[in-house]
Each structure stands twice: as structure tokens, then as C-alpha cells.
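Residues per chain, in single letters:
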Amino acid sequence: MKTLIRNGHVLDTATMTMGGETNLMIEDGRIARLDADAASDADLVIDADGQFVLPGLIDAHVHFRLATLDFSRLAVWTEVEYGIAMARLARETLARGFTTVRDIGGDVRGLMRAIRTGAIPGPRIFHAGRMLSQTGGHADAEGGPRDVPTCACEMRHTAFGIVADGAEAVRKAARHNLRDGVDFLKIHVSGGVATPSDPLDSVQYTAAEIAAAVEEAAHRRTYVAAHAYIPESISMAVANGVHSIEHGNMLDSDSAADMARAGAVLVPTLVTYVAMQEVGKQLGLPQTNIDKNRLVTEAGIASLETAKAAGVTMGFGTDLIGETQPMQNREFLIRAEAQSPAEILHAMYVVNAQLMRLEGEVGVIAPGAAGDIVIARGNPLDDISVLGDPAANFSHILQAGRPVAR
């Protein structure tokens, strides 16, 4: 299939500049050439009419497996119910312009196969598989009392995570995930909002446990991402080789400096805390979680400013759960409180592509890249809020050169 986009201003994500009107040809799902002949033979012709042609949007922190904010429902759903809910979330994500995502916790292999074979529409997924957690950590998702383990090596798992204590158990869990074909590993090194039993300021995993996961990832030529809020956990993680810190809301100047020295990437996810504060209670989020959420919400913008001052590389993520995922594009508006449009676009298109090992494939409009395109009515370099309302501001969304149903 050939798709010709005429008369559009094309965003150059290498320089973060908007070009003059040109014609773009996509052939067999990939960008074939810029400055194409306006009369070129094509199966589909789109007249952008002076609008702004952007690469498909990229979200570096999603959770399709966390398909509802009502965790009591998650605990009893069958795989059929999960599949239906996850398929809907994937379809709606694509319809908001996000053609590539990094799923950072939960088993989504079936969803990926369904998208890859064309059974359902959805974005390209770079995935971590099951998250690794200590007993009582942020990915220890099973509620209620449990029997005392019969040995220190005993591991438990759900569709969301593997509970592994001790360096060798972490190594085994990491190897299991890598055997299953994950693209990278995800661990938890501090408390979280969505789980009831781990305080936000708790330190999770030891240096030896973190180093074991990092070593196994390195042997597979990939990396470890770590959920972390507090400075102590952030510094410990990057000192032991973790490449990306997810959230980082309580980052301080010292831990930011540690990240910058290590070349680690921060992936802020501010919209999820706004969403949980707005609708968490009515969707069944317990008061304990709402109270923890308020603390990280208040720290969010300050963490961006601290990271920016220290020269920390930042990506772009959302971390929205289930019913809150329609708020995905609001992350652009929140980030604008601390970053310029060019900085936000660089985080999304350049840093996110690097995190997903997809440089030259996504986040760029150039020959050979994926034909994933968003055509916007306004210039996001002038006003990033253009990306905050896809229904009003996106005239076309293309995946591999084909229009996305909305």
C-alpha cells in the first residue's frame, strides 16, 4: 500500500524544528521519501493542507495488564476478562495517537501476539513482562495473610509480578523473564501508591539483589528499569547499574546528581497521580492509597525541576491504570509547567525511542522509519497543548501508513 501525505509541515525531531510544506510518501508501512511528487501514484492521498505532520506518539510507561483501578476486580478476573479489557485499552491508546508504548509491568504476551497478527488494533509494545519485587514490595500484589515460606528461595508469582528475595532468587526470576522474551527488566526499589502494605519511604531490594538483575539484563544486552520515589532508593539503584528510574517524584539534588553521573534516564509519570486524585475514590481505590497518592502528586513538578537543573535525561510516560487511561494526553499539559515544548517532544520522540532500542524506527520522519504518523491542526512546538486533546486537534492518525479508526 502507498500513502501520500501532501502539503504538510514535517517535524524534524533531531533538530526540533518544523519544516516548510512538503509531500511524504509511505510504502508498505514505511516512510519511503520526503519531497515526493504531489502527483505520485498512491492508494491513499491525504491533503494535510498546511497542518503539522508528526511521528506517532510514544509512551514509555504503560500497564495494559492493570486494566482496572478496582483492584478487587483484578484479583478475580479470568484471562478472558483480562483479554477483553486489555484489547480495549490497546485500541483506545492507538486512537489517541500513541503508536508505540513501553509496557513496564505485567504479562502482555497474548496482547502483543493479537496486535502483531492483526486480530486487534493496538500500538507497538516494548515490554518488561512480570515485575520483580521483594516480599511485601510494590509488586507483591496478593492480598491477605500468607503461609510462612518453607525456604528462603521460595518464589511466588501473579500475572503482574514475581516475588523473589535474595540475589540468587532475583537472578532466577530475571532469567525466567528473559527466557520468556521480555525486552528489559523491571524491579521495585521503593514503596508505591497502588499497593497497601509498603510505605512510600520504604527501601526495597538490596544492592546485591539489584546488581544480580542488572548483570542478567546486561548478559542479554538489555537493561533494568526501577520503580523508585525516594532519594536513597534512586541513588542505590543507579549506583548498581539501573538504567531508568520510573516516577522519581521525591528526587533531590544529590540523587539527581547521581543519576546524571551514571547516565541514567528518569521517566516521570505525573498524570497518573492527578488521575488517581480525581477519580480514584469512586473507582474503588482505598483511602490508604489515596493518602499516599497525595504526597507524590505534590512532589511531582518539583522533581522535574530538580532533574532538569542536574542535567538528568528525561523520557515521557504516563503510568495510567485502567479507567484513567483516557487521560493519557494530559501528561503533555502537566509537563509544560516545568519544560518547554521542545524539551517535552525530545523526551517523547528521542529519549523514549532510545529506551525502546528503536532509534531510526520510531520517533522520526525519515526514509526507512515506520509509517506511524499524527497530523495535527496546530504546531506543538508553539503550543504543546495541541497534543493534549487528540479528538479536537488530530485530523489523522496513521499506523504503518493506514488510517487508525477512532
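Above this text is the structure in question.
Residues numbered from 1 in each chain as written. Predicted model: local features only at pLDDT ≥ 70, side-chain atom pairs only at ≥ 80, totals over all residues. Heavy atoms only, no water.

### Notes on the side chain of Q325
For Q325, the position within the fold is in the loop between β16 (313-314) and α10 (330-335). Here the side chain of Q325 touches L320 through a polar contact of 3.2 Å, landing on its backbone oxygen. (Helix = DSSP H or I, 4+ residues; strand = E, 2+ residues; numbered from the N terminus. Polar contact = N/O pair within 3.5 Å; in protein donor to acceptor, adjacent residues only side chain to side chain.)

### Thoughts on the nonpolar core
Ranked by internal contacts, the top residues of the largest apolar core, which has 43 residues, are I187, V242, I245 and M259. Those elements that place two or more of their residues in this core are α4 (167-179), β12 (185-188), α5 (207-219), β13 (224-228), α6 (231-239), α7 (253-262), α8 (271-279) and α9 (287-310). Every residue in contact with V242, bar those within four places of it in the chain, is listed here: I187, I210, V214, V224, A225, A226, A237 and A264. Among the nonpolar cores identified, the runner-up in size contains 39 residues, and L94, A376, L387 and V404 belong to it. (Core = buried A, V, L, I, M, F, W, Y, C linked by side-chain atoms within 4.5 Å. Buried < 20%, exposed > 50% of the residue type's maximum accessible area, 1.4 Å probe, protein only. Contact = heavy atoms within 4.5 Å.)

### Digging into the sheet that holds strand β7 (residues 98-103)
Pairing is parallel across the open sheet formed by 3 strands, whose spatial order is β6-β7-β8. Each having just a single partner strand, β6 (57-62) and β8 (124-127) make up the two edges of the open sheet. Each neighbouring strand pair of the sheet contributes to a mean axis angle of 20 degrees, computed without reference to strand direction. Sheet topology places β7 next to β8; 4 bridges connect them, and they run parallel. By the bridge assignment for β8, D103 is matched with H127. (Pairing = 2+ DSSP bridges. Axes fitted to C-alpha atoms, helices over the stretch in contact; angles between N-to-C directions.)

### Notes on the packing of aromatic side chains
Geometrically, a pair of aromatic rings is defined through the distance of the ring centres and the angle of the planes. Here the structure, examined in full by the defined rule, presents 7 aromatic pairs. Between Y82 and F160, the ring centres sit 6.2 Å apart and the planes meet at 70 degrees, which makes this aromatic pair edge-to-face. With Y82 in helix α2 (residues 79-95) and F160 in the loop between β10 (156-157) and β11 (161-163), the pair connects residues that are 78 residues apart, well separated along the chain. When sorted by exposure, Y82 lands in the same class as F160, which is buried. A ring pair is formed by F98 and F332, whose centres lie 6.4 Å apart and whose planes are at 20 degrees; its orientation type is stacked. In this pair, F98 is assigned in strand β7 and F332 in helix α10, connecting sequence segments 234 residues apart. Put simply, the rings of W77, Y82 and F160 touch in pairs and so form one group of aromatic residues. (Phe/Tyr/Trp six-rings, centres within 6.5 Å; stacked < 30°, edge-to-face > 60°.)

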